[in-house]
Amino acid sequence: MNFEQVSGYKYRIPRTGKMRTDAVFYASEEILKDLAAENYASLRQICNVATLTGIVEPALTMPDIHWGYGFPIGGVAAFDPDEGGVVSPGGVGFDINCGVRLLTAPLGREDIARRSKELADALYGAVPSGVGSVRKDVRFGRKDLRQIMERGPEWLVGRGYGREEDLEYIESRGRLPDADPDHVSDRAYERGLKQLGTLGSGNHFLEVQYVDEIYDEEAAGAYGLSEGQVTVLIHTGSRGLGHQVCQEYVELFLEAAPEYGIELVDRQLAAAPIESPEGRAYLGAMSAAANFAFANRQLITHFTREAFESAGLGDGLRVLYDLAHNNAKFEEHGGRKVLVHRKGATRAFGPGNPEVPARYRSAGQPVLVPGDMGRYSFVLAGTEGSMRETFGSSAHGAGRKLSRKKAKKAAKGRNIIREMERLGILVRAASRATVDEEMSEAYKDAAGVVEATHAAGIGRKVARLRPLIVVKG
DNA sequence: ATGTAC
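Under an unreviewed UniProt entry, the name given to chain A is tRNA-splicing ligase RtcB, and the source organism is Rubrobacter taiwanensis. The heading Subunit (unreviewed entry) in the UniProt record of chain A holds the text "Monomer."

Put into structure tokens, the structure is as follows:
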């Protein structure tokens, strides 16, 4: 792998072979070692992405880069629709609009301590979790689902599931304008109907946390965060609906790509021109699934508020921000409209951007970086650097260190839930196996990703959050 | 991530 160091944490892979642009990646010394240890498999993936038609210089990866389906996780790639630019389901990921929503409570850590078991049980009861989990207390019909896919959380708020002010603090108000439910299959509809308001499995979670350190008082003040304060972090996506959409369009695009003269150096990069019937259909379905995911986090927020109330903790939960980390969106960068794919990468718009809520505008957009369930998560802010260098993007999480299989082996004979409890963290989970796979030591330290992001100037550290209660699939 | 193999 041929690359050169541009600055402390920034590297460039010069264009070679079929690449149409250079690739740029961000890494610390430690991340560089991890990349070498996997024989640069994920860097080769970003070089593959750079071969796709209509890509706008450069193809990028964030500091939490790791191997993914076609595109690497942590990948950012922009395409120009006027230059034959493509859209690729592998550049968005199977869990369309997987993302995180952070809530803040007008409570201190000590307020939770007295009722933590009660709250943990209430939350676990309020938010169905695990593979195939469904909601039985609210029923949505096909017409409702259609509205949800078109309008996102706004529709739910209109039905009493949340507050008008919630919407202002969701990326793009939780409504991607290109959504077209007509391009979502019956099968995807079926899978989505019962899954709105559920968590799912794997790395998805709902955590009650507290703010344990503030790095940037001004930004934290703007976001409404103070030391010791209670927060709730919700990490989930579009469940079976988004998965079904992705699967169907990967298959369609494998057929379509050669018809449009798109050469695929890897089948998992299946793509179609943005301006083609297939490309537009995927954008319609993907945006619909994205709106469903925003709505999913909205409904979970509603039931989280109910759980807090039932545990005698009031109804003061406010949405700090809701941020996608698997999607493709039209944005203006460098004076032209491009389709930015972010796969395991977040939008990170800098100070002054009109897309950032007025209350946060001088600080920059909140960037939420979930860590593992035993350590911590981070709040960052978007910067001028991210706007200049990464199409307004930043890192999205810690990244696995051990495979699921290796994690299970490491957890054998141990009781991870009890170990967590000894650390003062209550765990409620649908499956012991998932908790084993998700234990702290299966993940890289999120602090490493955050340090590299901060040092590279594509995000600014604002606060650190520590878990108190974890609800898992 | 995923009705973890329609």
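Student: Can you help me understand the packing of helix α4 (residues 116–126) against helix α10 (residues 277–310) in this one?
Tutor: Axis angle and axis distance: for two packed helices, these are the angle between their axes and the distance between the axes, and together they describe the pair. Closest axis-to-axis distance for the α4/α10 pair is 9 Å, and the angle between their directions is 150°. Two packed elements cross with a definite hand, and for α4 against α10 that hand is right-handed. Here Glu118, Leu119, Ala122, Leu123 and Ala126 of α4 lie close against α10, whose contacting residues are Phe303, Thr304, Ala307, Phe308 and Ser310. Within the contact of α4 with α10, the residues separate by chemical class into seven nonpolar, two polar and one charged.

Student: Would you take a moment to explain the UniProt feature "binding site: Mn(2+) 1" (unreviewed entry) in chain A for this structure?
Tutor: In this structure's numbering, the residues bearing the UniProt feature "binding site: Mn(2+) 1" (unreviewed entry) are Asp95 and His204. The greatest C-alpha distance among the residues just named is 10.9 Å, despite their covering 110 residues of sequence, which places them together in space. Of the residues annotated just before, the largest pocket has Asp95 and His204 among its lining. As for its position among the elements, Asp95 is in the loop between β6 (86–87) and β7 (99–108). For Asp95, the contacting residues outside a window of four places in its chain are His204, Gly237, Ser238, Arg239 and Asn326. Within the fold, His204 resides in the loop between α7 (186–193) and β8 (205–214). Discounting residues that sit within four places of it in the chain, His204 has contacts with Asp95, Cys98, Leu199, His235, Thr236, Gly237, Val471, Lys472 and Gly473.

Student: Looking at this structure, how should I read the UniProt feature "binding site: Mn(2+) 2" (unreviewed entry) in chain A?
Tutor: With numbering aligned to this structure, UniProt lists the feature "binding site: Mn(2+) 2" (unreviewed entry) at His235 and His325. Spatially, the listed residues are clustered: although they cover 91 residues, their C-alpha atoms lie within 10.3 Å of one another. Lining the largest pocket, from the residues just named, are His235 and His325. Secondary-structure assignment places His235 in strand β9 (residues 229–236). Excluding its chain neighbours within four sequence positions, the residues that come into contact with His235 are Cys98, Gly99, Val100, Leu199, Asn203, His204, Phe205 and His325. Engagement of the side chain of His235 in a polar contact is seen with the backbone oxygen of Asn203, the distance being 3.3 Å. Among the secondary structure elements, His325 is positioned in the loop between β11 (318–324) and β12 (326–333). The class of His325 is buried, set by a relative accessible area of 3%. Discounting chain neighbours no more than four positions away, the residues touching His325 are Cys98, Gly99, Val100, His235, Arg342, Lys343, Gly344, Ala345, Thr346 and His396.

Parameters at a glance
- Here, residues in each chain are numbered from 1, in the same order as that chain's written sequence.
- Chains carry letters and ligands carry numbers; both start at the beginning, A for chains and 1 for ligands, and go up in the order they are written.
- Totals for whole chains, interfaces and linings use every residue, but because this is a predicted model, local features are given only for residues with pLDDT of at least 70 and side-chain atom pairs only at 80 or more, for both listing and counting.
- Remark: hydrogens and water are excluded; side-chain values derive from all non-hydrogen atoms of the structure.
- UniProt positions are given in the numbering used here, feature names are shortened, and annotations may be inferred rather than shown by experiment.
- Interaxial angles span 0 to 180 degrees and are taken between N-to-C directions of axes, which are lines fitted to C-alpha atoms, for helices over the stretch in contact.
- Put simply, DSSP marks the helices as runs of H or I at least four residues long and the strands as runs of E at least two long, and each gets a number from the N terminus on.
- Note: crossing handedness is left-handed where the near helix turns anticlockwise from the far helix by less than a right angle, and right-handed where it turns clockwise.
- Contacts were defined at the residue level, with two residues in contact if any of their heavy atoms lie within 4.5 Å.
- In this classification, the charged set is Asp, Glu, Lys and Arg, the nonpolar set is Ala, Val, Leu, Ile, Met, Phe, Trp, Tyr, Cys and Pro, and all remaining amino acids, among them Gly, are polar.
- Using a grid of 1 Å spacing that covers the protein atoms alone, one calls a set of points a cavity when a 1.4 Å probe fits there but cannot get out, and a pocket when the set is open and has protein on both sides within 12 Å along at least five of seven lines; lining residues are those with an atom within 4 Å of a point.
- Nitrogen and oxygen atoms within 3.5 Å of one another constitute a polar contact, given that in protein one can donate a hydrogen and the other can accept it, and given that sequence-neighbouring residues count only through two side-chain atoms.
- Here's how the labels work: a residue is buried when its accessible area is under 20% of the maximum for its type, exposed when over 50%, partly exposed in between, all with a 1.4 Å probe on protein chains only.

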